[in-house]
Amino acid sequence: ETIRRRLNSIRALWSFTIDRNEIDDLRNPWAKIKHAALKRDPLKPKASQRVLPFRFEHWEMIDRWCSENPGSTRDLIVLLKSTGCRPLEIAGLQKVDVQTRGNHKVLNIRPNSNRRLKTEGSERFVPVVTLEAIEALDRLALADRESLFRRALHNTNNTSQLLNKAIRAAGVPKSRRLVAYSIRHSVIEAMRRNQVREGLISAIVGHSESGITARYGAGGYETSVTAEALE
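What comes next is a walk through the structure. Computed from a predicted model, the values in this text were never measured in an experiment.

### Looking at the packing of helix 8 (residues 182-193) against helix 9 (residues 198-205)
- Running from N to C, helix 8 and helix 9 cross one another at 155°; their axes reach a closest spacing of 10 Å. In terms of orientation, helix 8 and helix 9 fall into the roughly antiparallel class. In this structure, the crossing between helix 8 and helix 9 has a hand that is right-handed. Contacts from Arg184, Ile188, Met191 and Arg192 in helix 8 reach Glu198, Ile201, Ile204 and Val205 in helix 9.
- Its residues assigned to classes, the contact of helix 8 with helix 9 comprises five nonpolar, no polar and three charged.

Set out below in structure tokens:
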């Protein structure tokens with residue numbers, strides 16, 4: 001960890017110097033250097049694979065906490081639970097990203113001034129299918145700002161800390177495997193258990209391939225199809 005931090009500092013210093021002084025003919029010599037200590041153990045699972053979905057009893061705790069704690073944190077959890085989106089995909093939504101397609105209210109997950117997306121293929125439309133999530137969107141739309149959530153939550157660390165604090169307050173045991181991202185994993189697991197096609201799941205949660213088709217429904221699927229899967 002010490003090596004990683006120091007290399008990151010050196011890279012940042014060189015990049016800043018090059019940009020600040022507009023040095024066109026100089027490359028950052030530290031950009032691609034990787035110390036042997038930083039090589040990933042192929043037997044070690046990725047961070048996303050270490051995260052577990054919440055169990056039924058966890059969701060009982062979280063739902064109870066949400067019912068007793070009105071506010072933006074509750075609305076954020078409700079929208080994540082309804083859509084399977086990444087935390088910052090929801091926290092960074094602007095009001096114009098909430099749209100209607102056919103009979104469904106949808107979220108236009110796209111890059112905006114609040115945040116980028118993880119990949120180009122993450123750009124998609126995600127239907128909102130639960131009444132509590134639609135009510136949350138209606139409440140958030142009343143705020144006197146362009147975004148649904150306050151600016152502080154457009155930072156991934158702030159969003160994760162806020163969600164994790166709420167999850168612990170709800171009574172979910174403290175664990176690196178039961179965190180804010182577990183909400184997304186819970187939605188994915190629920191769809192799998194209900195025999196939703198893997199390709200459809202990937203399209204809904206933003207694992208679909210990039211391309212024009214990602215702009216229609218999710219990954220080329222009709223909104224009614226993705227809505228049924230999420231329901």
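### A word on a negative patch on the surface
- A surface patch of negative charge is lined by Asp19, Glu22, Asp24 and Asp25.
- With respect to the secondary-structure elements, Asp24 resides in the loop between helix 1 (2-20) and helix 2 (47-50).

### Quick look at the packing of aromatic side chains
- The final tally for this structure, using the stated rule, is one aromatic pair.
- A centroid spacing of 5.5 Å and a plane angle of 90° characterise the contact between Phe54 and Trp59, whose relative ring orientation is edge-to-face.
- Take Phe54: its relative accessible area is 7%, and that puts it in the buried class.
- Since its relative accessible area comes to 12%, Trp59 is described here as buried.
- The ring of Phe125 is capped by Arg101, whose NZ or CZ atom sits 4.3 Å from the centre of that ring.

The rules we used
- Residues numbered from 1 in each chain as written.
- Predicted model: local features only at pLDDT ≥ 70, side-chain atom pairs only at ≥ 80, totals over all residues.
- Heavy atoms only, no water.
- Axes fitted to C-alpha atoms, helices over the stretch in contact; angles between N-to-C directions.
- Helix = DSSP H or I, 4+ residues; strand = E, 2+ residues; numbered from the N terminus.
- Parallel < 35°, antiparallel > 145°, perpendicular 65-115°, else oblique.
- Left-handed = near helix turned anticlockwise from the far one by under 90°.
- Contact = heavy atoms within 4.5 Å.
- Nonpolar A, V, L, I, M, F, W, Y, C, P; charged D, E, K, R; others polar.
- Patch = residues over 30% accessible without salt bridge, like charges linked within 9 Å, V, L, I, M, F, W, Y side chains within 5 Å.
- Areas by Shrake-Rupley, 256 points an atom, 1.4 Å probe, with all protein chains shown as cover.
- Salt bridge = Lys/Arg side-chain N within 4 Å of Asp/Glu carboxyl O.
- Lys, Arg positive; Asp, Glu negative; His and termini not counted.
- Charge placed at Lys NZ, Arg CZ, Asp CG, Glu CD.
- Phe/Tyr/Trp six-rings, centres within 6.5 Å; stacked < 30°, edge-to-face > 60°.
- Buried < 20%, exposed > 50% of the residue type's maximum accessible area, 1.4 Å probe, protein only.
- Lys NZ or Arg CZ within 6 Å of the ring centre and 35° of its normal.

Nothing here speaks to function; it is all geometry.
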